[in-house]
Structure formats: C-alpha cells, structure tokens
Number of protein chains: 2
Amino acid sequence: MENFVRRTLLYDFYGELLTEHQREVYEAVVLEDYSVSEVAADRGISRQGIHDLVRRVDRLLEGYEERLGLVDRFIRIRNQVIRINEMVSACTADELPGVRQDVAKISGSILEEL
Amino acid sequence: MENFVRRTLLYDFYGELLTEHQREVYEAVVLEDYSVSEVAADRGISRQGIHDLVRRVDRLLEGYEERLGLVDRFIRIRNQVIRINEMVSACTADELPGVRQDVAKISGSILEEL
C-alpha cells in the first residue's frame, strides 16, 4: 500500500487515541502537506520538534495496528464487499444459482472477520 | 445489546490495548465466568482488587469505544452484509434488476463505513 494511503488509514482508525496536539501537528504535516517550517513557526516549536513528533506518531499508529490489526481487517472486508457487488451486478438469470452460493460463501467469510 | 455480548465485543476489539495482567483477570472473571474468590486466590490478590480491576477495564474498554467507535461500525457493516446475503439468496430471475440496484446501494454504504 502506498505510504500516504496507509498513514491516512492508520490515522483514520487510531487518530482518536492521540493527544490533540499530536493530531493537529500530524494532520498539518502528513495529511495536509504543510511544510515543516510553516507548522514549526505556527506552533512555536523547532523543526526538529515537529520531525520527532511525526516520527513518534507514526510509531504509535503502527503499534496500534500491530496490536489491533483493524486496518487490515477492514481492507479484507472492503475487498470482499466489492467482489460481491461486482458478481451481483454482472449476474445473468442463468448464473443466479451459482452467484447465490458464492455470495453466501463470501458473506459468511466477511461475518467471520467481524 | 446484552451486557455480556457487548463486553465480549469490546474486549475482542480493544483487549490488546490492555496489559497482560488486566487481560488475564478480566478474561477469567468476565468472559469465562470464574468466581471472584477463585481468581483472587489464584493470583494472590484481594477480592476487592479483582473487582477494582474489572471495573477499571470496563471503563477503559468503553473509553476506547467512545473514541474509536469500531464496535458500532462493525455491527452496522455486519447487518448490511446479512441483508445483502438475504436479498441475493431469495432473489428470483424477475427480481434480479431490482436486487442488483439494492446490492449496489448497500455495498456503497458499507464502503463508506470502511
């Protein structure tokens, strides 16, 4: 997964476990792409301080994912839902019995993830 | 939701954020239904200590859910997946066009949750 997408997902899932200060700086630098100098000046912290915070937050978020694995779980579910939708949307009347079975199988495996 | 089911779900989602000690005691008392006296004797802690730990863990788990809301999110997804499967499994050839639309709509709303 592309690094930016992964960081966005991790932040989406676990961001609420960070402090408000961590969230604000991380959002500005990583998600909204403000320059480190800009954010540093804005908040009266050193550029080094910003770098340290971002690195620390990356580690925290990866640590949560290591323990909870929710991003992985959601991605697997997402792919299965997309597959069901594709199968049903392309299904002809002839194929209905087979699709019925496949949808039951995939639904079952989604529910096991939940 | 029944209290036991809710606690099990919360524990399933957020248990890994607890300490090992918290997990072991909470599992024994709340999930496996050992008596407080038994667990207290086993671990050399007072019965009051066990009660306090369980209460603290309940608060921690509810706190995580308040911030992250993942149990709620998963339950909503679960219900929508069940609905898709029911619709497809009961679908006749005549109903296929309508079901196709409904599945696309529900899938879309699941993907928005993810």
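This text gives an overview of the structure that appears in the document. (Residues numbered from 1 in each chain as written. Chains lettered and ligands numbered in written order. Predicted model: local features only at pLDDT ≥ 70, side-chain atom pairs only at ≥ 80, totals over all residues. Heavy atoms only, no water.)

Things to note about the interface of chain B and chain A
Using the following cut-off: Should any heavy atoms of two residues lie within 4.5 Å, those residues are counted as being in contact. The term buried area denotes the loss of accessible surface (1.4 Å probe radius) that occurs when two parts are joined, taken as the sum for both partners. Here, a salt bridge means any Lys or Arg side-chain nitrogen found within 4 Å of an Asp or Glu carboxyl oxygen. Secondary structure elements are defined from DSSP: runs of H or I of at least 4 residues count as helices, runs of E of at least 2 residues count as strands, and each element is numbered from the N terminus.
Taken together, the contact pairs 31 residues of chain B with 31 residues of chain A. Around 2,900 Å² of area is buried between chain B and chain A when both sides are counted, 73% of it from carbon and sulfur atoms. Applying the counting criterion to the chain B and chain A interface returns 2 salt bridges. Here Asp12(B) ties to Arg73(A) by a salt bridge, and the two come within 3.5 Å at their closest N and O atoms. Breaking the side of chain B that touches chain A down by element, the ones donating at least two residues are helix 1 (3–14), helix 4 (47–68), helix 5 (70–89) and helix 6 (96–113) of chain B. The leading source of residues in the side of chain B that touches chain A is helix 5 of chain B, at 11 residues.

Notes on the packing of aromatic side chains
Selection criterion: Two aromatic rings, drawn from Phe, Tyr or Trp (for Trp, its six-membered ring), form a pair once their centres lie within 6.5 Å of each other, and the interplanar angle then sorts them: stacked below 30 degrees, edge-to-face above 60, tilted otherwise. Only protein chains enter the accessibility calculation, which uses a 1.4 Å probe; a residue is then buried when its area is under 20% of its type maximum, exposed when over 50%, and partly exposed in between.
By the definition in use, this model includes 9 aromatic pairs over all chains. Ring centres of Tyr11(A) and Tyr26(A) lie 5.6 Å apart, and the angle between their planes is 20 degrees; on these two criteria the pair is classed as stacked. You can see Tyr11(A) sitting in helix 1 (residues 3–14) and its partner Tyr26(A) sitting in helix 2 (residues 20–31), a full 15 residues away along the chain. Using a relative accessible area of 10% as the deciding quantity, one classes Tyr11(A) as buried. Given a relative accessible area of 0%, Tyr26(A) falls into the buried group. Here Tyr14(B) and Tyr64(B) contribute two aromatic rings whose centre-to-centre distance is 5.8 Å and whose plane-to-plane angle is 35 degrees, an arrangement assigned as tilted. Of the two residues, Tyr14(B) sits in helix 1 while Tyr64(B) sits in helix 4, which places them 50 residues apart along the sequence.

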